Amino acid sequence: MSDFKRLSLNSATTKKWTLAEAVDGCVRAGIPAIGPWRDVVHDTGLDKAAALIRDAGLRVSSLCRGGFLTAPDAAGQAAALADNRAAILEAVALDTQELFLVVGGLAPGEKDVVAARRRVADRLEDLVPFAEDNGIRLVLEPLHPMYAADRALISTLGQALDLAAPYDAKAVGVAVDTFHVWWDPELKAQIERAGLEGRIASYQVCDFNLPIATDALLSRGMMGDGVIDFATIGTWVRDAGYTGDIEVEIFNQDIWDADGDAVLATMKDRYAKLVLPSA
């Protein structure tokens with residue numbers, strides 16, 4: 001019998017479900033954890049969302065997401081800080097310590113990547129004290145380079161670790177998301193580095209499908225449907241000392257259109273066959 005005690009459903013995988021439906025689905029499927037996105041939390045109401053998850057006996061593996069820290073103007077920077085501080089307090093209310101940050105891309109019309117990355121570092125410096133005061137770890141998520149212009153100027157685990165380096169590992173960690181980092185020739189070394197620094201805050205799994213969808217955001221697939229070697233990456237993450245939850249996060253229209261319970265059944269099957277043996 002497979003052991004699903006570390007498995008978590010990221011709510012993006014069942015996008016058409018409300019938070020209540022996702023919680024109920026996890027209970028039916030015997031999935032012990034959930035990683036909600038803020039939109040489903042807001043649709044439900046923060047207090048009600050926290051109660052739903054708590055009363056179902058689920059734990060919250062992470063909250064997605066804060067970030068988008070690259071605004072060049074004072075008003076945009078202030079708005080980003082306000083939203084991220086709100087997200088930190090939402091993470092507290094949901095009883096998770098991990099808040100994902102997608103750092104943001106270039107401002108409209110901008111081409112100065114160096115300056116935009118500098119603004120990310122500056123805003124992170126602004127946010128860390130508030131996160132520390134509230135017991136929340138900011139989780140830097142590198143995204144695949146095809147998203148650099150509009151979503152995340154941090155594309156590799158090494159870049160994320162460099163950005164985290166000035167801060168305590170309990171304050172700023174990193175995510176290893178197979179979809180975003182599988183291609184990186186430095187991945188093994190950077191996972192080892194992240195483990196030595198105690199910064200692996202989350203391990204997210206899904207596959208990298210070809211051909212790339214017209215909307216590139218929807219190119220994630222169920223484990224086993226694409227090109228990713230989960231056994232190798234999972235072994236690296238395990239050997240780096242990570243023992244936390246393993247979230248399945250999939251953006252894929254076909255999966256969103258499918259029956260949610262069937263998606264969870266397939267998710268558990270693929271997790272047991274492809275992810276769990278190396279976890």
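Now for a description of the structure that goes with this document. Please read these numbers as outputs of a predicted model, since none were measured by experiment.

1. A closer look at the pairing of strand β5 (residues 98-102)
Right, on to step 1. In terms of residue burial, β5 counts as a mostly covered element, since 5 of its 5 residues are buried.
Right, on to step 2. Where strand β4 (residues 63-67) lies against β5, 3 bridges are found, and the strand directions are parallel. Its bridge partner being in β5, Gly 66 is matched across the sheet by Leu 101.
Right, on to step 3. Crossover β4 to β5 through helix α4 (residues 74-93) is right-handed.
Right, on to step 4. Inspection of the sheet shows β5 paired to strand β6 (residues 137-140) by 4 bridges, in the parallel sense.

2. With respect to the state of the cysteines
Right, on to step 1. The final tally for this structure, using the stated rule, is 0 disulfides.
Right, on to step 2. Just so you know, Cys 26 is unpaired, no disulfide at all, and the nearest cysteine sulfur is the one on Cys 64, 14 Å from it.
Right, on to step 3. Look at Cys 26 and you get buried, because its relative accessible area is 0%.
Right, on to step 4. Its sulfur unpaired, Cys 64 is 12 Å from the next cysteine sulfur, which belongs to Cys 206.

Criteria and cut-off values
- Residues numbered from 1 in each chain as written.
- Predicted model: local features only at pLDDT ≥ 70, side-chain atom pairs only at ≥ 80, totals over all residues.
- Heavy atoms only, no water.
- Buried < 20%, exposed > 50% of the residue type's maximum accessible area, 1.4 Å probe, protein only.
- Helix = DSSP H or I, 4+ residues; strand = E, 2+ residues; numbered from the N terminus.
- Pairing = 2+ DSSP bridges.
- Right-handed = clockwise from strand over helix to strand, strands pointing away.
- Disulfide = S-S within 2.5 Å.

By themselves, these are just geometric observations and shouldn't be taken as functional.
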